[in-house]
Every structure is written in structure tokens, then in C-alpha cells.
Amino acid sequence: MKFSLRTTHLRFSWLIPLILICVFQNICAQEINNYERLKKEFKKPPLKSWPKTYWWWINGNIDTVRIREEIISMKNAGLSGFDIFEIGAKKIDSIIPTGEITFMGDDFLRAMKVALDQASSLDMEVGLNMASSWNAGGSWVTPENSAKSIYFSKTAYSKGQLKLPFPKLVRVLKEGQITFPDDDKSMYIDYSKDGKPVFYKEIAIIAVPSKSDVKVSEIIDVSQYFDSKTETLNWDSEGDYNIYRYVCSNSGEQLKVPSKNSVGPIIDHFDARATTAHFNYIIDRLKIAFGLDLSKTALKSFYLASYEARGNVWTESVLKEFKRLNGYEINRFLPALFNKTLFSEEVTAKFMKDYQFTLSELMIDNFYRKAKEICNANGILINSEAGGPGFPLHNVPVEPLKSLGIMDLPRGEFWINHSRFDEHGININRVVKEASAASHIYGKGIVELEAFTTFQHWQEGPFDMKPYGDQAFCEGMNKVVIHGSSHNPSGIGSPGISYHAGTHYNDKRVWWPMIKPFNTYLSRISYILQNTDFVADVLYYYGDAVPNFTGHKNSRFMVGSGYDYEVINTEILKKLSIRNNQLVLPTGRQFKLLYLEDEGEIDPEVFLKLKELTAKGAKIVSEKPEKIIARENRPDLKVSLNDINKLWLDVGGSVKDITKINGKVFSGISSLDLLKKIGVSPDLYYEDNEFSTLDYIHYKKGTTDYYFVRNTTNEWVSRQCSFRQTNKTPEIWDPVTGDINKVNIYEQLNEQVNMPITLPPYGAFFVVFSEGVKPATYSKINSDELNPPLLQYTTNGTFFLEEAKIDLLKNTETKQVSNYIKTRELEGAWEVYFTEEQKKSGDSVIFPELVSWTKSENDSIKYFSGIAKYVKTFQYDINSSTAKNQKVYLDLGELSNVGEVWLNGVSLGVTWTKPYRFEVTNALKYGYNLLEVKVANTWSNRLKGDAVKGENFTYTNILETVVPGLNKKRVLWKDVPLKDSGLMGPVKLMFMKPIE
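Just so it is clear, the model here is predicted, and its values are computed rather than measured. Throughout, residues of each chain are indexed from 1 in the direction in which the sequence is written. Only residues with pLDDT of at least 70 get local features here, since the model is predicted, and only at 80 or more are side-chain atom pairs given and counted; chain-wide, interface and lining totals rely on the full set of residues. Computation of side-chain values covers all heavy atoms of the structure but excludes hydrogens and water.

## Examining the layout of surface pockets
Okay, step 1: A pocket here means an open set of points on a 1 Å grid, computed over the protein atoms alone, that has protein on both sides within 12 Å along at least five of seven lines. A cavity is instead a set of points where a 1.4 Å probe fits but cannot get out; residues with an atom within 4 Å of a point line either one. Grid points are joined across faces, edges and corners, and a volume is the space filled by probe spheres set on the points. Within this model, the largest pocket holds a volume of roughly 1,400 Å³.
Okay, step 2: Taken together, 50 residues form the lining of the largest pocket, with Trp134, Leu255, Lys256, Val257 and Glu308 sitting closest to its centre.
Okay, step 3: Where helices and strands are cited, they refer to DSSP runs of H or I of at least four residues and of E of at least two residues respectively, numbered from the N terminus. Residue assignment for the lining of the largest pocket shows that the elements contributing at least two residues are strand S1 (52–58), strand S13 (409–415) and strand S14 (448–453).
Okay, step 4: Here the residues of the lining of the largest pocket sort into 20 nonpolar, 14 polar and 16 charged.
Okay, step 5: Shared between two domains, the lining of the largest pocket holds at least three residues of each, these being domain 1 (47–138 + 295–309 + 355–532) and domain 2 (148–252). For this scheme, ten residues count as nonpolar: Ala, Val, Leu, Ile, Met, Phe, Trp, Tyr, Cys and Pro. Four count as charged, namely Asp, Glu, Lys and Arg, and the remainder, Gly too, count as polar. For each domain, the first and last residues come from an automatic or database assignment.

## A look at the domain arrangement of the protein chain
Okay, step 1: For the protein chain, the domain assignment lists domain 1 (47–138 + 295–309 + 355–532), domain 2 (148–252), domain 3 (535–678), domain 4 (684–794) and domain 5 (824–938 + 979–992).
Okay, step 2: Each of domain 1 and domain 3 has a C-alpha centre, and these two points are 35 Å apart.
Okay, step 3: Note on definitions: buried area is the accessible-area loss of two parts on being combined, 1.4 Å probe, summed for both. Buried area between domain 1 and domain 3, both sides added, is near 2,100 Å², and the carbon and sulfur share of it is 63%.
Okay, step 4: On the domain 1 side of the contact with domain 3, Phe391, Lys433 and Ile441 bury the most area, a combined 31% of that side's loss.
Okay, step 5: When a carboxyl oxygen of Asp or Glu lies within 4 Å of a side-chain nitrogen of Lys or Arg, that pair is called a salt bridge. The tally of links between domain 1 and domain 3 comes to one salt bridge.

## Focus on the sheet that holds strand S18 (residues 538–541)
Okay, step 1: In this description, strands pair whenever DSSP reports at least two bridges between them. On the basis of which strands lie adjacent, the open sheet formed by six strands has the order S19-S18-S23-S25-S28-S27 and parallel pairing. Unpaired on one side and paired on the other, strand S19 (565–568) and strand S27 (648–650) mark the two borders of the sheet.
Okay, step 2: In this structure, S18 lies alongside S19, joined through four bridges in parallel fashion. Counted as the bridge partner of Tyr541 is Ile568 from S19.

## Observations regarding the sheet that holds strand S21 (residues 582–584)
Okay, step 1: The three strands are arranged S20-S21-S22 in an open sheet whose pairing can be described as antiparallel. The open sheet is flanked by strand S20 (577–579) and strand S22 (590–591), the only strands paired with a single partner.
Okay, step 2: Relative to S21, S20 runs antiparallel, the two being bridged by three bridges. By the bridge assignment, Ser577 is partnered in S21 with Val584.

## With respect to the packing of aromatic side chains
Okay, step 1: When the centres of two rings from Phe, Tyr and Trp lie within 6.5 Å, Trp using its six-membered ring, the rings pair. Their planes under 30 degrees apart give stacked, over 60 give edge-to-face, and anything left gives tilted. Enumeration over the complete set of coordinates arrives at 64 aromatic pairs.
Okay, step 2: A centroid spacing of 6.0 Å and a plane angle of 10° characterise the contact between Tyr244 and Tyr246, whose relative ring orientation is stacked.
Okay, step 3: Where Phe834 meets Phe847, the ring centres are 6.2 Å apart and the plane angle is 40°; that geometry is what we call tilted. Residue Phe834 is found in the loop between strand S44 (830–833) and helix H16 (836–841), and its partner Phe847 is found in strand S45 (residues 845–847); the two are separated by 13 residues along the sequence. The same class applies to Phe834 and to Phe847, which are both buried.
Okay, step 4: Through a chain of ring-to-ring contacts, the aromatic side chains of Tyr35, Phe42, Phe473, Tyr706, Phe708, Trp733 and Phe766 assemble into a single cluster.
Okay, step 5: The ring of Phe199 is capped by Lys148, whose NZ or CZ atom sits 5.1 Å from the centre of that ring.
Okay, step 6: Only Lys NZ and Arg CZ are tested; either one counts as a charge over a ring when it is within 6 Å of the ring centre and within 35 degrees of the ring normal. Positioned above the aromatic ring of Tyr565 is the side chain of Lys433, whose terminal nitrogen or guanidinium carbon lies 4.4 Å from the ring centre. For every residue, the accessible area (1.4 Å probe, protein chains only) is compared with the maximum for its type, and the residue is labelled buried under 20%, exposed over 50%, or partly exposed between those bounds.

## Quick look at the packing of helix H3 (residues 64–77) against helix H4 (residues 106–121)
A pair of packed helices is characterised by two quantities: the angle between their axes and the separation of those axes.
Okay, step 1: In this description, a line fitted to the C-alpha atoms serves as the axis of each element, helices being fitted only across the stretch in contact, and the angle between N-to-C directions of two axes falls anywhere from 0 to 180 degrees. Viewed as axis vectors pointing N to C, H3 and H4 meet at an angle of 30°, and their least axial separation amounts to 9 Å. Compared by their axis directions, H3 and H4 come out roughly parallel. Both H3 and H4 take part in a crossing whose hand is right-handed. In contact with Thr64, Ile67, Arg68, Ile71 and Ile72 of H3, H4 contributes Ala111, Val114, Ala115, Gln118 and Ala119.
Okay, step 2: Each residue belonging to the contact of H3 with H4 can be placed in one class, and the counts come to seven nonpolar, two polar and one charged. Note that the term roughly parallel is reserved for angles under 35 degrees, roughly antiparallel for angles over 145, roughly perpendicular for angles of 65 to 115, and oblique for everything else. If you view the pair so one helix is near and one far, a crossing is left-handed when the near helix is turned anticlockwise from the far one by less than a right angle, and right-handed when it is turned clockwise. We call two residues in contact when some of their heavy atoms are within 4.5 Å.

## Structural notes on the nonpolar core
Most often, soluble globular proteins have nonpolar side chains that are buried together.
Okay, step 1: Residues Phe108, Leu286, Phe302 and Leu594 are the most contacted members of the largest nonpolar core, which totals 191 residues.
Okay, step 2: Per-element accounting of this core gives the leading share, 12 residues, to helix H7 (residues 345–377).
Okay, step 3: Not counting the four nearest positions on each side in its chain, Leu594 is found in contact with Leu539, Tyr541, Ile568, Leu573, Leu576, Leu583, Leu610, Lys619, Ile620 and Val621.
Okay, step 4: Ranked by size, the runner-up nonpolar core spans 33 residues in total, among them Val888, Leu903, Val935 and Leu983. Only buried residues count toward a nonpolar core. Its members are Ala, Val, Leu, Ile, Met, Phe, Trp, Tyr and Cys residues joined through side-chain atoms within 4.5 Å.

## Observations regarding the environment of Val871
Okay, step 1: Among the secondary structure elements, Val871 is positioned in strand S46 (residues 867–876).
Okay, step 2: Taking the relative accessible area as the measure of exposure, Val871 reaches 12% and is therefore buried.
Okay, step 3: Not counting chain neighbours up to four residues away, the residues in contact with Val871 comprise Trp830, Glu831, Tyr833, Leu930, Leu931 and Glu932.

## A word on the pairing of S13
Okay, step 1: Of all the seven residues making up S13, seven are buried; the element is thus mostly covered by neighbouring parts of the structure.
Okay, step 2: Residue alternation in S13 divides its side chains into two sets, Leu409, Arg411, Glu413 and Trp415 and Pro410, Gly412 and Phe414, and both sets are buried.
Okay, step 3: Bridging between strand S12 (residues 381–384) and S13 involves two bridges; their strand directions are parallel. Paired with Ser384 across the strands is Pro410, a residue of S13.
Okay, step 4: Here S13 pairs with S14 via four bridges, running parallel.

## Describing the UniProt feature "domain: Beta-mannosidase-like galactose-binding" (unreviewed entry) in the protein chain
Okay, step 1: Taking the numbering used here, the UniProt-annotated feature "domain: Beta-mannosidase-like galactose-binding" (unreviewed entry) corresponds to residues 870–950.
Okay, step 2: With 12% helix and 49% strand, residues 870–950 has its two end C-alpha atoms placed 29 Å apart. UniProt positions are given in the numbering used here, feature names are shortened, and annotations may be inferred rather than shown by experiment.

## Here we look at the pairing of strand S36 (residues 752–759)
Okay, step 1: Counting buried residues in S36 gives eight out of eight residues, a clear majority hidden from the surface.
Okay, step 2: Side chains Gln752, Asn754, Pro756 and Thr758 project from S36 onto one buried face, and the interleaved Val753, Met755, Ile757 and Leu759 project onto a second face that is buried too.
Okay, step 3: Bridging between strand S32 (residues 717–723) and S36 involves seven bridges; their strand directions are antiparallel. Across the sheet, the residue bridging to Cys721 is Met755, located in S36.

## Remarks on empty space enclosed by the protein
Okay, step 1: One pass over the structure, following the stated rule, counts six cavities of 30 Å³ or more.
Okay, step 2: Taken as a whole, the largest cavity holds about 130 Å³ of empty space.
Okay, step 3: The wall of the largest cavity is formed by 16 residues, among which Leu596, Glu597, Glu599, Glu601 and Ile602 lie closest to the centre.
Okay, step 4: Residue composition of the lining of the largest cavity, by class: seven nonpolar, two polar and seven charged.
Okay, step 5: What the second largest cavity holds in volume is close to 110 Å³.
Okay, step 6: Along the walls of the second largest cavity sit 13 residues, with Phe391, Ile428, Val431, Glu434 and Phe549 positioned nearest its centre.
Okay, step 7: Residue composition of the lining of the second largest cavity, by class: six nonpolar, five polar and two charged.

## Let's talk about the packing of H4 against helix H5 (residues 272–290)
Okay, step 1: Axis separation between H4 and H5 bottoms out at 10 Å; the angle between their running directions is 65°. As for the relative orientation of H4 and H5, their crossing is right-handed in sense. In this structure, H4 contributes Asp106, Leu109, Met112, Lys113 and Leu116 to the contact, and H5 contributes Arg285, Leu286, Ala289 and Phe290.
Okay, step 2: Here the contact of H4 with H5 is composed, by residue class, of six nonpolar, no polar and three charged.

## Things to note about the side chain of Asp354
Okay, step 1: For Asp354, the location among the structural elements is in helix H7.
Okay, step 2: Within the structure, the side chain of Asp354 is placed 2.7 Å from the side chain of Tyr328, a separation counted as a polar contact.
Okay, step 3: Those residues in contact with Asp354 that sit more than four places away from it in its chain are Phe322, Asn326 and Tyr328. For this analysis, a polar contact is any N or O atom pair within 3.5 Å, provided that within protein one partner can donate a hydrogen and the other can accept it, and provided that sequence-adjacent residues contribute only side-chain to side-chain pairs.

## Quick notes on the side chain of Asn326
Okay, step 1: By the element assignment, Asn326 lies in helix H6 (residues 318–326).
Okay, step 2: Residue class for Asn326 comes out buried when judged on its relative accessible area of 6%.
Okay, step 3: Setting aside its immediate chain neighbours within four residues, Asn326 contacts Asp354, Phe357, Thr358, Glu632 and Asn633.

## Quick notes on unusual backbone geometry
Okay, step 1: Put simply, Ser494 and Pro495 share a cis peptide bond, and its omega is 5°.
Okay, step 2: By secondary structure assignment, the location of Pro495 is in strand S16 (residues 495–496).
Okay, step 3: Residue Pro915 is bonded to the preceding Lys914 through a cis peptide linkage, with omega at -5°.
Okay, step 4: One can find Pro915 in the loop between strand S50 (906–911) and strand S51 (917–919).
Okay, step 5: The backbone phi angle of Asp123 is positive, close to 60°, even though this residue is not glycine.
Okay, step 6: Looking at the element boundaries, Asp123 is found in the loop between H4 and strand S3 (125–129).
Okay, step 7: With relative accessibility at 58%, the residue Asp123 sits in the exposed group.
Okay, step 8: One non-glycine residue, Glu231, adopts positive backbone phi at about 60°.
Okay, step 9: Locating Glu231 in the fold gives a position in the loop between strand S8 (226–227) and strand S9 (232–233).

Next comes the structure, spelled out in C-alpha cells:
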């Protein structure tokens, strides 16, 4: 049979368009399925998106009865799990009793099994912190595996044989001097009978000329002439030298706050053998208690808390790894670790950078990577604040993005009203952007945040927490790990014993029975951000420095209002590719521009990568470096200053059409100006965006875009917003209610969708753009005012929230709407029940008007902390309002902190954020109506009352607190200002009509 390619092609050519149609239909069907799935599960988010909490087991006090109760209460409150964090009490704490249970001891494991079994029955997930407090370590850690430091002795030499003394083991905490805390005079190091430490290794013996101006070339490594048995230097030389003997021994660093029976050293975080021994000890203990296959239990992750060791760090492999990574021997440079002025500033800076890089690689490979390897082999995930909170807060010698990128679950942190600012005004306590960037660029998917940490004990409610959480979401958080819940054994009063920091998130909280809607709010936002991909225009390369830090959003770097950016490190920069002139991460996400941190110097590998990227059409902005970093281990990398001059182009006002220039790195221009020149408009724009009244973050799934937008102020805000979207229909997805609301006022202009949005005080929601254009009822609001009138998109239609004549434009026609709002205040007295006895007996307290409990002359009310019930009967006359399609809302005015409402026996739900408002159209009835409102406050007022009056209604180990408005000032409870509490109103009915 004769085969004809042409005939075969003609015979089957009809299949090609059919295949293309099928592929297109499958893609469209998948897009619809993704959108519908997210839409459905947004309303009722799955367990994976729920918050979890640290669960502090304090000072060896563990009660298995309360373990079960507390876990059940967590699940009922909307928490998906917990990280068990065994820890001691602060030395000054004389109230928390000292228990006998030891971390990883038999009693601890029995209690942990109770927790795991209870969690498993509720489909909850459990994590375990890998020590009693932090850092990693414990009593089982041997001197060989304990944290290490470098020590030296210094002896004058002129000639002949010389006895070299063993270095004195002292901790260098501050540059140039030796200091000890008042309560830490000794170092916890094991010594042998000969007076030397049990563990030590000789590092090097060097001879340094006895003069002030020393060159590295003048230093002589005389290690080969040293007899370690006799401790004698057999070196025959003329001249005056100082002989330095360097040894490695234990640092004496202990666990930070262990329970009484759990004291021990921390491990050598730079030694894979130490990491392996530590993890295997804990895993072996767990397997004895829970079975060989840990993956069949509720235990799903191990947690490594932030690394907070002090002093100089060292490990045995530094000599070898330093040479491998940097191409030269470290010995002659060792004096620079203790004396920063011995060598020239340039020499010292170069050496210290190489040294820090070596420590970083050692810690990443031998601690974080090794920990992940061991955990994953046992069916366990690893999470950590790897590398952070590090520089400049803690002595963490690690490149944080790379170390976080190792983790299965990268974790950062943020606080409530507790900041630490560096000299540039950057809040170094806020480690959100760093964790989210690492998760994004390494394709991890989850961004955990140790959330809502505070020293404001029992001061805050959910509404106070909300702005901090929303800000973290706008930096990329998508899994909330609340800091934290303290375990309270049976018989302990309220508010109970607590770890010394954190939002005390447990069943001792006054508002705990009403907290689930707040947790659901966090879950809805987390769910969307977990299942979509971050979108930004700019990649920010934060440089080659080790240690390093990203800073919080728009701190170290900012594109401009309405634009966002991703942070990358050297490892990811080297993996960038180009597609259609866009920079592409290994994950596939694309960016329009790369901006480089100005470090004054450049690594030759980075230079060659920039040259490759620009040649392929990448747009890159950077100030021109003044020098090239020497790479002794890569002599093949030959880059000169002339090469830099050829690649860089200064475009400061001199180049008209920058879009036609390829193969250059641009200086003299900002990333914002370059974006404008290449035609990239803001992703989100409104007239006064320079004031940052609104904050946002943009995510995408397929062809659907999700903008999470938040109001940064405590006032109502309305703005005409432009989103960079085309041929899409907007919706508002409200994480407070789960409602998905149609937007019926918008228009497409060029590449922007313009629409008015209104946000309540500290309000936030998603603006979602799905594929396809559905006609809007109106295109815009015509107004001479600076901003649109307040409005709300709801499932009942769009309501204007202020009385006004409003011109609505549709196509070329204008429709004027006269918007009226009828309000009726529920005036008169209220019955209030403060105790269960009052509620049972009906013996209420009469409030002539709604005021804060703190204004009462009755001290039992003035200092009351708890849940009070308000009752009021009011009359609603038939036909008192007959507007067509009207909706009636119940507005509670002001309350503190959380309320739960019933109208005529019908539950309206819990209200925890402004506006404290419910739609009651169908619950309201003609004639008499019964309104019941339960209001919960915090423990603060009762703690103050006990301190002032010498009463003992409360019990806690927390004797002072930080209060809002005072910068880190610790205040005794008797001096803490009273917090407004209760239902303060005015309570009113609001009658409104949606626009037609």
C-alpha cells in the first residue's frame, strides 16, 4: 500500500479544530469549576484554612481532664489544631506552681497521647515544638552535640619554645567587651578533672606581629608547630609576635525558659550530627509512646522556634566549609572575629561577609535541611521561623529567604501594639513579607504566621485584633497560628495562668463563647489566599548580604502606591528565565521588572545573570555598583569594571524612549517611573492613594482575580477605585458574613474597571473579577464630591448609607435617585443581667440609658468582667413604614467587645466588628418585639477592680500589662485605665431601600 503524507494530512485535518475546541472547552470548564469551588468553600471554609494556636503547657503542670476539655473548646471555637509548646515560667513568676512533668518524659508522653487521641477524634492536626521552650535542645544533648563557640588565648612571643595557656571560656556578648547578665555569672559547660572542658577541639595557632597596623600576609599560621599534648609551641623565629591559640568548645547556651525538669543545653545548629541526634531522640521517644508510624496519628508537624542564641558561634566543620565556599583558608583571619580594627576596614568587611555566608550555608544545610529530611522520612512536616526574626533583631547568621524556603511550612510573626524599629524606622518585629516571599518563590503554598502576639494582657477583643490580621493578610499570610493558648489545669481560677506574652486565646477568655465568627472570618480569607497565586509587577532582589531581612511591606523597598512586589534572593535570581519579555520565577509566576538593592558591589555570578536576562529583553533597575566582589573559589568568573560600565545605562532624564532599549540595566530611574514608561498602570488606583487609606493584595486563580482590600482607618471610607482588569465582572466577597454580592455600579475604561467601594472602620473584603462581562445596572456615580457617597453591595441589592440626591449614569443617560433613610432609636430603659443568679431570678439591673459599665457608681458593675444580658421590649407599629422593597436593619451603635443578639427568640448571630448591625426585616413583627443582647468584655476591668479593692474574684500570674497608647510601659493592674464595656448604643432601627 502506498503511503501519502499529503493524503493522510487531508484525511485527518478536520480533527485539528475539533481537538482545539475540546481543549478550549476543558480549560473553560476547569476555570468554572475552580471559581465555583472557591465560591462555595469561601462560605464554609474547609478545616485546612482554619486558624490554629500555640498551646502552652507551662512549668510541668499538665491535667489530662483539662486537655480534653480545652481541645474540644478549640474545635468548637473554629480552630483546626494546635502546636504543643512545653515551657517553663519566668524566674520572677512565684504564682505558677512548679510541676514535676518533664518534656519527653513518660508522664509528658502519656498526656500528649491523650491530646493526640482527642484531636484525632475531632479531625484536628497537632504540631510539637522540638524543645522545652527554645532553641532546639534538651537534657539528652551531649557536649559533642551542644552549641559551640570559638575561644582564644593570647601570649607574647619573641623567640624559642613557648607554653600556650588554654583559652578561658568566656562569652563575648558585646563587641570589644565581655559581659554577663547579673543572674548568669557562670557558663553551663561540663569540665573534666584536668580543668578543661569535656569537649574541645583545637582550631589553629597563629602568630600576629606585635604592632597596630597588621596585614593579613604578615600573619603566620604556626599550627603545625604546636604540640597539643604538652600545649607547647615549638616554633623557632625571630621577632615580636602575639601567639593566638584558638579552640572550639561549648558555648554553654541553655534552653531559654525550660520547665524545672527539662533544663538542658541547646544543640549545635550548624552540625548535622547534632541535628540528627536531637530529632532522632525525640522521634524515638514518640514512637515508643504512639507507634512506629507517626503519620497515622494526629501529629502532623514539628516546630522549630526562632533561633535566639547569643555570642560568637562556631562548629567543627567551619575550617573545611569556609575553604570550600570561599576559596581561601580562614586561619589568618580569625583575629577579625574579636578585633574589628586589626585589619583594614575593607579586608575585615570582606572576611566577615564570607564568614557569615559560611555559617548561613552550614545552618541551612545541617539544621534546617537535615531537620526536614528526618521529619519527612517519618511522615512529619517541618515548620519554623527559619532565619527569623533574625537580623537585625537576633543573632541569626542566616539568609532568611533561603532558610525559610527549605521548610514545608514557612512561618513568620507579627505583634499587636509592640514594635521594634531600626534606625530607618522599619519595624523588625514584623516578619510577614519575608515568610510570604519565601513561600511564594519556593512554591510552598502555605504562609504561616505566629499571629497577634502581645504584652497587652486581656486588653483586646476581636475587633482590636482585626486590623493587625488584615495587614498581615495584605502582606501574604494565609495560615493564622495564634499566639497563643495557655493550658490551665483543673481548679485554677480565671483568667488563669498564662505564658507572659500573647493573646490569651482559650476557654478562660470572657468572649470565648462568641469567638467562632472571628475565626471563621480568618478562615475565609486564608482559604482564598491558600488556593490562589500572588500577583505583583516587580521583583525586588534584596541583595547578597548575610544575614539579611526583607522588612515589612513597603519598608526597605516600595514601588509606589497601587503596585506590589515580590522579594527574591540570589538563589532564585540565578534561576530566573524570560518569557515574552517578562521575568519568570521557577514557579511560573511572571513579573514585569526587576529591581536590585543598592549594595555598592556585585557578585560576578549575579552580574552574568543580569547580562543574560537583559539580553533576552528583561527590564532591570539598579544603581551601578562600584566594585566586583572577589570570588577566590571561582577564578573562571572574570568580570571587570569595564563590563559593568557597558551593561549599565544611566537614563536619568536623558533617554526618551526606554522601551526600545534592550541589553541594559537602567540606573537613574525608579522602578515606578520605569513601569509608567513601559505602560504599566497601577493595579489598584484611587485619587488619594498616596495617603495609603486603602491597602490591598492581589491573587489569581486561572482567569479569576481576587483583590483583598482593607480600610486602614477607624472611619468609614468610600472611594472610586480603578482595578487593572479587562472584560471581567466584579463581585464583593464578604469574609465577615460569607455573602457574595453583585456589584451593579461599574464601568470598563481602557484597561481599568472603575467602581465605587465603601468600607466600614477597619473593614475588609475581596473584590473578585471573574471572566466575562455582565452588564452593570449603572456605570458610575456622577458627583462633584471628592468621594462617592457611602454605599453597600448586599445580597438584597445596593444601598446608599447616607441621605442625598445621587446622580447615577448608565450609558449616556443620568438617573437621579433621592435616597432617604428612616431611623428609629430604641429609647428608654433597659434591663441588664450581670450574673447567672440574676438571669435565673429575673432580678435585673435597670439602665435608664445605655452607657459603659465603667460609668456605674456600683463597683460590682464598674469593674465587671463577663457576659451581661440586655433585654428590651419595643413596639413596632403596623404600616409605620411602607416603602416598597424596604429592608430593616438593627444597628447596635457602639459595644465592647462582642455581642450576640436575638430578636423575638430568633438568633441573629454574633457581631464582633463594626458596624454592629443585622438585617431584621423578617424577624421584626408588628406589635411588641423582644430584643436580647449578650455582651462580653475582657478581664481587664475586673483585674483592676481586684487590685484597687483588694478583692479576689480573679486569679492569674500576670501582675502587670501594657496598655494601648503607652509605648511598652508596663502598668500594674491597679493603674490600668478602665476599658469601656457593654452595650453603649445608640440602638436603632434603620429603614432603607436598595437602588433600582
